[in-house]
Amino acid sequence: MQYTLDNQSNNEAKQKKEFRLPTAYTILFCITVVIAMITQFIPEVKNASVSDVIMAPIQGLKNSIDISLYVLLMGGFLGVVTKTGALDAGIGSVVKKLNGKELLLIPILMFIFSLGGTSYGMSEETLAFYALVTATMMAAGFDSLTAVATILLGAGVGVLGSTVNPFLVATSIDSLKSVGVVANQATVMGIGVALWLSSLSISIFFVMSYAKKVKKNKESSLLSKNEMDQAKKAFLEGKEEVLEFTPKRKIVMALFALSFIVMILGVIPWERFGINIFKHTAFLTGSSLGNWWFSELAMWFVLMAVIIGVIYGFREKDIVSYIIEGASEMVGVALIIGISRGVSVIMGNTGLDAYVLQNASSALSGMSPILFTNVAFLIYIGLSFLIPSTSGLASVSIPIFGPLAQSLGFAPEIVISLLGAGCGLVNLITPTSGVVMGGLAIAKVDYGTWVKFATKVVLSIFASSVVILSVAMMIIK
């Protein structure tokens, strides 16, 4: 008895001493303050004022209002679907069929998400999947961190190894054309495939290894007791009873799947790939499939929420109530996404981003091929922390780094791959990414816990990327 009391006392003392990072909101605001302080010591940039710091989160929210509304209304859609019981019944059915083979979910889902990443830059769109995948993983005996890793690493390594991703590859090639440099897209695709598959293999290994340990022993989870309790409350509480997968619920799940299929069809820029079969689909939102973005996606989910509610037999009043209730659960996520943009706002307003870019370009001049590759990779990692948007970073950096590489006798295609690898790597872990912070918030995982898990994965991917990019630099002329 005395041993039990002493053991309990030791556990309580350990929990009290355990260091925990502050909330995502505080982390993001502290980063904004640090950036503002840096501007005070650089004469070439505008000094950030107190008002710049105070208003940066609000400006970030204004700049990201489209994605924030998308997240809120997507939450409303999930609220209606959840009330039908179809998600719980469907998850229960899947887990039952996978009895003993639940681990197969991880490589299958990670490969699918990575396909979205490498083909069309799937990133913010993954936010719609966190609730479903987290509930499924927890029902299968894993934890919410496993779900985050499956989605975030899956889509993230796809973007890192972009092959035809128009937001990175096409934007970069167009940026090079604007300064008279021609790049071979086939070369970019070849390097992209190597980066994608190597990073995906590393990620699957780490996620599956962790998932096996958690399934075997829940105490091996990296989640704190508070995180576990929050995740259980959000995704498992009141769902002990397996609901019957009735025909009506099967119809709801079919519509649920259709919603995401149309979402994916809507954001892939088909016309860039020479595919015009969706040219006459603008009757619904005013924009044809392939030209949708967050405004169209938000209303699509609202429309499907209403259709699902009507088919299931909910009253009009109930449908509206469920949409509002679901949206309310996503308010914190929407705020985090907006506030994360505040860092980019203060960088742009002070001119610090342009200053860093110009100095980075100067530092690369006169280097050997291998040194150029590795230093440029590190520079892109730093730039990506400050400018998380792949298309934004491509637009401002490629016209500078591309011609520089060509003038030194290096293949400009390597610069595009360096951009993808650097930006893709950073966006797996940076707190300045709304996708990282938003996904963690939905799954009830603290940022510190994610860093603890992802550090080894990111370092391994970094090492493999360095090798691939260095070899590519030596081979491609």
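The coordinates are above.
What counts, and where the lines are drawn
- Residues numbered from 1 in each chain as written.
- Predicted model: local features only at pLDDT ≥ 70, side-chain atom pairs only at ≥ 80, totals over all residues.
- Heavy atoms only, no water.
- Helix = DSSP H or I, 4+ residues; strand = E, 2+ residues; numbered from the N terminus.
- Rg over C-alpha atoms; globule rule 2.2 N^0.38 Å.
- Contact = heavy atoms within 4.5 Å.
- Lys, Arg positive; Asp, Glu negative; His and termini not counted.
- Charge placed at Lys NZ, Arg CZ, Asp CG, Glu CD.
- Axes fitted to C-alpha atoms, helices over the stretch in contact; angles between N-to-C directions.
- Parallel < 35°, antiparallel > 145°, perpendicular 65-115°, else oblique.
- Left-handed = near helix turned anticlockwise from the far one by under 90°.
- Nonpolar A, V, L, I, M, F, W, Y, C, P; charged D, E, K, R; others polar.
- 1 Å grid on protein atoms, 1.4 Å probe; cavity = no way out; pocket = protein on both sides within 12 Å on 5 of 7 lines; lining within 4 Å.
- Points joined across faces, edges and corners; volume = space filled by probe spheres on them.
- Phe/Tyr/Trp six-rings, centres within 6.5 Å; stacked < 30°, edge-to-face > 60°.
- Buried < 20%, exposed > 50% of the residue type's maximum accessible area, 1.4 Å probe, protein only.
- Lys NZ or Arg CZ within 6 Å of the ring centre and 35° of its normal.
- Core = buried A, V, L, I, M, F, W, Y, C linked by side-chain atoms within 4.5 Å.
- Polar contact = N/O pair within 3.5 Å; in protein donor to acceptor, adjacent residues only side chain to side chain.
- Salt bridge = Lys/Arg side-chain N within 4 Å of Asp/Glu carboxyl O.
- Patch = residues over 30% accessible without salt bridge, like charges linked within 9 Å, V, L, I, M, F, W, Y side chains within 5 Å.
- Areas by Shrake-Rupley, 256 points an atom, 1.4 Å probe, with all protein chains shown as cover.

**Details of the overall build of the protein**
The number of helices and strands found in the protein is 21 helices and zero strands. Expected size for 477 residues packed as a compact globule is a radius of gyration near 23 Å; at 23 Å, the protein falls within 12% of this value. Taken along its principal axes, the extent of the C-alpha atoms in the protein is 70 × 65 × 50 Å. A separation threshold of at least 6 residues defines the contact pool for the protein, and within that pool the share at least 24 residues apart is 81%. Here the protein contributes 32 positively and 28 negatively charged side chains, and the mean placements of these two sets differ by 5 Å.

**Digging into the packing of helix H9 (residues 166-177) against helix H19 (residues 412-426)**
Taken N-terminus to C-terminus, the directions of H9 and H19 make an angle of 140°; their axes are 10 Å apart at the nearest point. Put simply, H9 runs oblique to H19. The two elements H9 and H19 meet at a crossing, and its hand is right-handed. Along its contact with H9, which presents Leu 168, Ser 172, Ile 173 and Leu 176, the element H19 presents Pro 412, Ile 416, Leu 419 and Gly 420. For the contact of H9 with H19, the per-class residue count stands at six nonpolar, two polar and no charged.

**Details of the layout of surface pockets**
There is about 830 Å³ of room inside the second largest pocket. Lining the second largest pocket are 39 residues; nearest its centre among them are Glu 124, Arg 341, Pro 388, Ser 389 and Thr 390. Of all the elements in the fold, those that place two or more residues in the lining of the second largest pocket are helix H4 (65-84), helix H8 (144-160), helix H15 (331-350), helix H18 (390-407), H19 and helix H20 (434-443). By residue class, the composition of the lining of the second largest pocket is 18 nonpolar, 16 polar and five charged.

**What about the packing of aromatic side chains?**
Enumeration over the complete set of coordinates arrives at 21 aromatic pairs. Residues Trp 293 and Phe 294 carry aromatic rings whose centres are separated by 4.6 Å and whose planes lie at 50° to one another, so their mutual orientation is tilted. Note on Phe 294: relative accessible area 3%, which makes it buried. The structure contains a cluster of three or more aromatic residues connected by ring pairs, namely Tyr 70, Phe 77, Phe 113, Phe 129, Phe 256, Phe 260, Trp 293, Phe 294 and Phe 301. Here the guanidinium or amino end of Lys 215 rests over the ring plane of Phe 142, the centre of that ring lying 5.5 Å away. A cation sits over an aromatic face here: Lys 248 above Tyr 312, 5.5 Å from the ring centre.

**With respect to the environment of Asn 47**
One can find Asn 47 in the loop between helix H2 (24-39) and helix H3 (50-63). Residue classification places Asn 47 among the partly exposed positions, given a relative accessible area of 41%. Those residues within four positions of Asn 47 in sequence are excluded, and the remaining contacts are Thr 39, Gln 40, Ile 42 and Asp 52.

**Some points on the nonpolar core**
As a rule of thumb, nonpolar side chains are buried together in soluble globular proteins. Ranked by size, the top nonpolar core spans 155 residues in total, and within it Tyr 70, Phe 77, Trp 450 and Phe 453 carry the most contacts. Here this core gets 12 residues from one element, more than from any other, and that element is helix H21 (residues 447-475).

**Some remarks on the environment of Phe 129**
Take Phe 129: it is sitting in the loop between helix H6 (105-120) and helix H7 (130-139). Sequence-wise, Phe 129 and Phe 260 are 131 residues apart; in three dimensions their C-alpha atoms are separated by 9.1 Å. Beyond its immediate sequence surroundings of up to four residues, Phe 129 is in contact with Phe 113, Met 122, Ile 151, Phe 260 and Met 263.

**Looking at the packing of H19 against H21**
As a packed pair, H19 and H21 sit with axes 11 Å apart at the nearest point and diverge in direction by 180°. Relative to H21, the element H19 lies roughly antiparallel. Along the contact surface, H19 presents Ile 414, Ser 417, Leu 418, Ala 421 and Leu 425, while H21 presents Val 458, Ile 461, Phe 462, Leu 469, Ala 472 and Met 473. Class assignment for the residues of the contact of H19 with H21 results in 10 nonpolar, one polar and no charged.

**Things to note about empty space enclosed by the protein**
Considering all chains together, one arrives at two cavities of 30 Å³ or more under this definition. Here the largest cavity is characterised by a volume of approximately 40 Å³. Looking at the largest cavity, the residues that line it are Leu 160, Ser 162, Leu 168, Val 188, Gly 192, Leu 195, Ile 416, Ser 417 and Gly 420. Taken together, the elements giving at least two residues each to the lining of the largest cavity come down to helix H10 (185-216) and H19. A per-class count over the lining of the largest cavity returns five nonpolar, four polar and no charged. Empty space within the second largest cavity amounts to approximately 30 Å³. Taken together, Trp 270, Glu 271, Ile 275, Asn 276, Phe 278, Lys 279, Ser 288, Leu 289 and Gly 290 make up the lining of the second largest cavity. For the lining of the second largest cavity, the per-class residue count stands at four nonpolar, three polar and two charged.

**As for the side chain of Ser 384**
As for its placement among the helices and strands, Ser 384 is situated in helix H17 (residues 369-386). For Ser 384, a relative accessible area of 0% translates into the label buried. At a separation of 3.3 Å, a polar atom in the side chain of Ser 384 contacts the main-chain amide nitrogen of Cys 423. Excluding its chain neighbours within four sequence positions, the residues that come into contact with Ser 384 are Leu 393, Gly 422, Cys 423 and Val 426.

**Notes on the pattern of salt bridges**
Two side chains carrying opposite charge are able to pair once their charged atoms lie near each other. Counted by the stated rule, this structure contains four salt bridges. As a salt-bridge pair, Lys 215 and Glu 102 come within 3.9 Å of each other at their nearest N and O atoms. Of this pair, Lys 215 sits in helix H10 while Glu 102 sits in the loop between helix H5 (86-97) and H6, placing them 113 residues apart in sequence. Residue Lys 215 is classed as partly exposed on the basis of its relative accessible area, which comes to 35%. By relative accessible area, Glu 102 is classed as buried at 7%.

**Describing a nonpolar patch on the surface**
A grouping of Ile 251, Phe 283, Leu 284, Leu 303, Ile 307 and Ile 311 is seen on the molecular surface, where their side chains present a nonpolar patch of about 550 Å² in accessible area. Of all the elements, helix H13 (residues 294-312) adds the most residues to the nonpolar patch, at three residues. On the secondary structure map, Ile 307 appears in helix H13. Residue classification places Ile 307 among the partly exposed positions, given a relative accessible area of 31%.

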